[in-house]
Amino acid sequence: MTLTPTLPAVSPTLPWTRVCAVSDILPGTGVCALIGGQQVAVFRVAGRVFALGNLDPFTGVGVLSRGLTGSYTRDGQTRLKVASPLLKHTFDLETGESLEAPGVRVPVYATRTEGGDVWTGSLA
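Residues numbered from 1 in each chain as written. Predicted model: local features only at pLDDT ≥ 70, side-chain atom pairs only at ≥ 80, totals over all residues. Heavy atoms only, no water.

If you check an unreviewed UniProt entry, the protein appears there as Nitrite reductase small subunit from Deinococcus seoulensis.

Student: In this structure, what is going on with the sheet that holds strand E3 (residues 38–45)? I would like to understand it.
Tutor: Hydrogen bonds between backbone groups are what pair the strands of a sheet, and the pairing can be parallel or antiparallel. Pairing within the open sheet is antiparallel, and its six strands lie in the order E1-E11-E10-E4-E3-E2. Sheet topology places strand E1 (17–21) and strand E2 (29–35) at the edges, where each strand pairs with a single neighbour. Ignoring strand direction, the axes of neighbouring strands in this sheet form an average angle of 30°. Summarising the sheet, strand E10 (residues 108–114) and strand E11 (residues 117–123) pair through five bridges and their orientation is antiparallel. (Pairing = 2+ DSSP bridges. Helix = DSSP H or I, 4+ residues; strand = E, 2+ residues; numbered from the N terminus. Axes fitted to C-alpha atoms, helices over the stretch in contact; angles between N-to-C directions.)

Student: How do you make sense of the packing of aromatic side chains when you look at a structure like this?
Tutor: Here the distance between the centres and the angle between the planes together describe a pair of aromatic rings. Within the structure shown, the criterion is met by one aromatic pair. The ring of Trp16 carries the charged tip of Arg112 above its face, separated from the ring centre by 4.6 Å. The residue whose ring lies beneath Arg112 is Trp119, and the NZ or CZ to ring-centre distance is 5.4 Å. (Phe/Tyr/Trp six-rings, centres within 6.5 Å; stacked < 30°, edge-to-face > 60°. Lys NZ or Arg CZ within 6 Å of the ring centre and 35° of its normal.)

Student: Mind showing me how you'd approach the sheet that holds strand E8 (residues 77–83) here?
Tutor: Sheet architecture is open: three strands sit in the order E7-E8-E9, paired in antiparallel fashion. Each edge of the open sheet is held by one strand with a lone partner, namely strand E7 (68–74) and strand E9 (90–92). Pairwise comparison of adjacent strand axes, ignoring direction, gives a mean angle of 40° for this sheet. Note: E7 against E8, seven bridges, orientation antiparallel. Residue pairing across strands places Leu68 opposite Ala83, the latter belonging to E8.

Student: Could you clarify how one ought to interpret the pattern of salt bridges in this entry?
Tutor: Within this structure, the stated rule accounts for seven salt bridges. When the shortest N-O distance is used, the salt bridge between Arg48 and Glu94 registers 3.5 Å. Taken together, the residues Arg48 in strand E4 (residues 48–53) and Glu94 in the loop between E9 and E10 connect sequence positions 46 residues apart. Judged by relative accessible area, Arg48 falls into the buried class, the value being 13%. The class of Glu94 is buried, set by a relative accessible area of 19%. Measuring nitrogen to oxygen at the nearest pair gives 3.5 Å for the salt bridge that ties Glu97 to Arg105. Here the residues in one salt-bridge network are Arg74, Arg79, Asp92, Glu97 and Arg105, joined through shared partners. (Salt bridge = Lys/Arg side-chain N within 4 Å of Asp/Glu carboxyl O. Buried < 20%, exposed > 50% of the residue type's maximum accessible area, 1.4 Å probe, protein only.)

Student: What is the right way to look at the environment of Arg105 in this model?
Tutor: Looking at the element boundaries, Arg105 is found in the loop between E9 and E10. For the pair Arg105 and Leu52, spaced 53 residues apart in the sequence, the C-alpha separation amounts to 9.7 Å. The residues contacting Arg105, other than those within four sequence positions of it, are Thr95, Gly96, Glu97 and Ser98. A distance of 3.1 Å separates the side chain of Arg105 from the backbone oxygen of Thr95, its partner in a polar contact. (Contact = heavy atoms within 4.5 Å. Polar contact = N/O pair within 3.5 Å; in protein donor to acceptor, adjacent residues only side chain to side chain.)

Student: Any chance you could explain the pairing of E11 here in plain terms?
Tutor: Regular strands place their side chains on alternate faces of the sheet. Pairing analysis gives four bridges linking E1 to E11, with the strands arranged antiparallel. Across the sheet, residue Ala21 finds its bridge partner in E11, namely Asp117. Connecting the antiparallel pair E10 and E11 is a turn made up of two residues, with Gly115 showing a positive phi of about 60°.

Take a look at the structure:
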């Protein structure tokens, strides 16, 4: 599997929030954090960290952090995704786009790791 990272630029002006230690997230899984009153699903997949809104737009339930992660191929590139545990709709971990319903997406937050900790910033 070849992954092409497209990491968002890290801005020191974003209101970064520490979520947890990287080691608190098992590889290939996610956790839910409450940041600024919003549920954020934070994933650790393939050595990278991603943050999406936790609300599944198809069910209105905050469950994406408990979804199964995996990969898919688009335009010859391997990309990462998460499947909602309820109706199995899948979302790209980098863009938040629904893979089944174009135009539907979940919010994506900037992320970074520093000193072994995971941080999220504003909406990317």
